[in-house]
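Here's the letter readout for the chains.
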Amino acid sequence: MTKYEQKLTEKPQKWIYNVVIAIIVLIFIVLSFRGSQINMTRFDSIGITMKIFFRKLVDINPEYLFGFGQYTFNQSIFYLAFETVAIGFLGTFIGAVLAIPVGFLASESIGGKKGSKIGQVLLIVIRVFPEIILAIILLSGFGLNALTGILTIGIHSIGMIGKLYAEAIDNMDRSFIEALDAVGANTMQKIRWGIVPQLMADFSSIALYRFDINVRSATVLGVIGAGGIGTLMISSINFQSWETLGGILVALITVVLIVDAVSSRLRTKLV
């Protein structure tokens, strides 16, 4: 017997322990199914239901999808999809710009210990505040339109973008700042000549990353009437208009793939 084989035989046998754990997990799975109150009779008709669903899902009306024939482009599904991207883009632009002063304040290198604490608390409050709740609040003031979605995404984006800005500032090469300190530069001059040129690519990459997220958020916000394709999506689900939902999925997948490809290419060139 080799030394390796001897070590294997000396290894403690844990099969009893493993069997006991497996039995306990199996018992919990069975109990969870019993408490879930699943109507097993629904499974008898699920095959027919899903067949009807997928048949209607692929029965897409190209006139409604692209906006020709009896529809104009402004009434098409692709128009609403591009409107959703526009909401995400403008919201990201607003958030990226407004996050700059908050990010500098939250950075300990610029805001100091007291200022950074204030900035960090502000960013935490913005991030914790749910996007949907913020949209509902803004709906009461701006109504059911795309502006509500833009403002919601813009305000909510400040939290994450500002945090990433502050981290980028704190992790940057400080030799530029030390050189400016040596010549007596003030805070604004250090930001203008030492920080902005060094971190512009990082800031742009962060904003592009958030843009990817915001395009999807704009779709969700449309469900409550904040513009974009989400409103049409929820109505097609409520009225079981699966052919319309199929067109929405085609438009969303196409637009998101384009946005993702462009933003990924830009991030690759910036970083």
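Above this text is the structure in question.
Everything numeric here is computed off the predicted structure, so don't read it as measured data.

Criteria and cut-off values
- Residues numbered from 1 in each chain as written.
- Predicted model: local features only at pLDDT ≥ 70, side-chain atom pairs only at ≥ 80, totals over all residues.
- Heavy atoms only, no water.
- Helix = DSSP H or I, 4+ residues; strand = E, 2+ residues; numbered from the N terminus.
- Rg over C-alpha atoms; globule rule 2.2 N^0.38 Å.
- Buried < 20%, exposed > 50% of the residue type's maximum accessible area, 1.4 Å probe, protein only.
- Contact = heavy atoms within 4.5 Å.
- Lys, Arg positive; Asp, Glu negative; His and termini not counted.
- Charge placed at Lys NZ, Arg CZ, Asp CG, Glu CD.
- 1 Å grid on protein atoms, 1.4 Å probe; cavity = no way out; pocket = protein on both sides within 12 Å on 5 of 7 lines; lining within 4 Å.
- Points joined across faces, edges and corners; volume = space filled by probe spheres on them.
- Nonpolar A, V, L, I, M, F, W, Y, C, P; charged D, E, K, R; others polar.
- Phe/Tyr/Trp six-rings, centres within 6.5 Å; stacked < 30°, edge-to-face > 60°.
- Axes fitted to C-alpha atoms, helices over the stretch in contact; angles between N-to-C directions.
- Parallel < 35°, antiparallel > 145°, perpendicular 65-115°, else oblique.
- Left-handed = near helix turned anticlockwise from the far one by under 90°.
- Polar contact = N/O pair within 3.5 Å; in protein donor to acceptor, adjacent residues only side chain to side chain.

Draft legend 1. Region of the structure containing the overall build of the protein. When helices and strands are counted, the protein shows 12 helices and zero strands. Across the protein, helices and strands are ordered from the amino to the carboxyl terminus as α-α-α-α-α-α-α-α-α-α-α-α. The C-alpha atoms of the protein give a radius of gyration of 27 Å, which is well past the 18 Å a tight globule of 271 residues would have. Each principal axis of the C-alpha atoms in the protein carries an extent, and together these give about 85 × 80 × 35 Å. In the protein, which comprises 271 residues, the share counted as buried stands at 35%. Pairs at least 24 residues apart make up 68% of the contacts formed inside the protein by residues separated by at least 6 positions. One finds the centroid of the 22 positive side-chain charges in the protein at a distance of 6 Å from the centroid of its 17 negative side-chain charges.

Draft legend 2. A look at the layout of surface pockets. Considering only enclosed or pocket space, the largest pocket measures out at about 270 Å³ in volume. Together, 15 residues line the largest pocket, and Phe93, Ala96, Tyr165, Ser204 and Ala207 are the ones closest to its centre. Mapped onto the lining of the largest pocket, the elements with two or more residues apiece are helix H5 (77–106) and helix H10 (187–222). For the lining of the largest pocket, a count of residues per class yields 13 nonpolar, two polar and no charged.

Draft legend 3. Quick peek at the packing of aromatic side chains. Counting across every chain of the model gives seven aromatic pairs. Seen from their ring centres, Phe104 and Phe203 are 6.4 Å apart, and the 75 degrees between their planes marks the pair as edge-to-face. Taken together, the residues Phe104 in helix H5 and Phe203 in helix H10 connect sequence positions 99 residues apart. Judged by relative accessible area, which is 7%, Phe203 ranks as buried. An aromatic cluster is built from Phe66, Phe78 and Phe82, whose rings are joined through pairwise contacts.

Draft legend 4. Looking closely at the environment of Ala86. Relative to the helices and strands, Ala86 is located in helix H5. Take Ala86: its relative accessible area is 35%, and that puts it in the partly exposed class. For the pair Ala86 and Ile52, spaced 34 residues apart in sequence, the C-alpha separation works out to 34 Å.

Draft legend 5. Structural context of unusual backbone geometry. With a phi close to 55 degrees, Gln240 is a non-glycine residue in the positive phi region. Assignment of secondary structure puts Gln240 in the loop between helix H11 (230–238) and helix H12 (242–270). Classification of Gln240 by relative accessible area gives exposed; the value is 53%.

Draft legend 6. The arrangement of the packing of helix H7 (residues 131–142) against helix H8 (residues 146–170) in detail. Running from N to C, H7 and H8 cross one another at 135 degrees; their axes reach a closest spacing of 9 Å. Looking at the two axes, H7 sits oblique to H8. Taken as a pair, H7 and H8 cross one another with a handedness that is right-handed. Judged by residue contacts, Glu131, Leu134, Ala135, Leu138, Leu139 and Phe142 of H7 engage Leu147, Thr148, Leu151, Thr152, Ile153, Ile155 and His156 from H8. Residues of the contact of H7 with H8, tallied by class, amount to nine nonpolar, three polar and one charged.

Draft legend 7. Structural view of the environment of Thr219. With respect to the helices and strands, the residue Thr219 is situated in helix H10. When the C-alpha atoms of Thr219 and Gly149 are compared, they prove to be 9.4 Å apart, with 70 residues separating the residues in sequence. Excluding residues that lie within four positions of it along the chain, Thr219 makes contacts with Thr84, Ile229, Gly230, Met233 and Leu252. Among the polar contacts made by the side chain of Thr219, one reaches the main-chain carbonyl oxygen of Val215 at a distance of 3.3 Å.

Draft legend 8. A look at the side chain of Asn214. Structurally, the position occupied by Asn214 is in helix H10. With sequence-adjacent residues up to four places away left out, Asn214 is seen in contact with Gly88, Thr92, Ile153 and Ser157.

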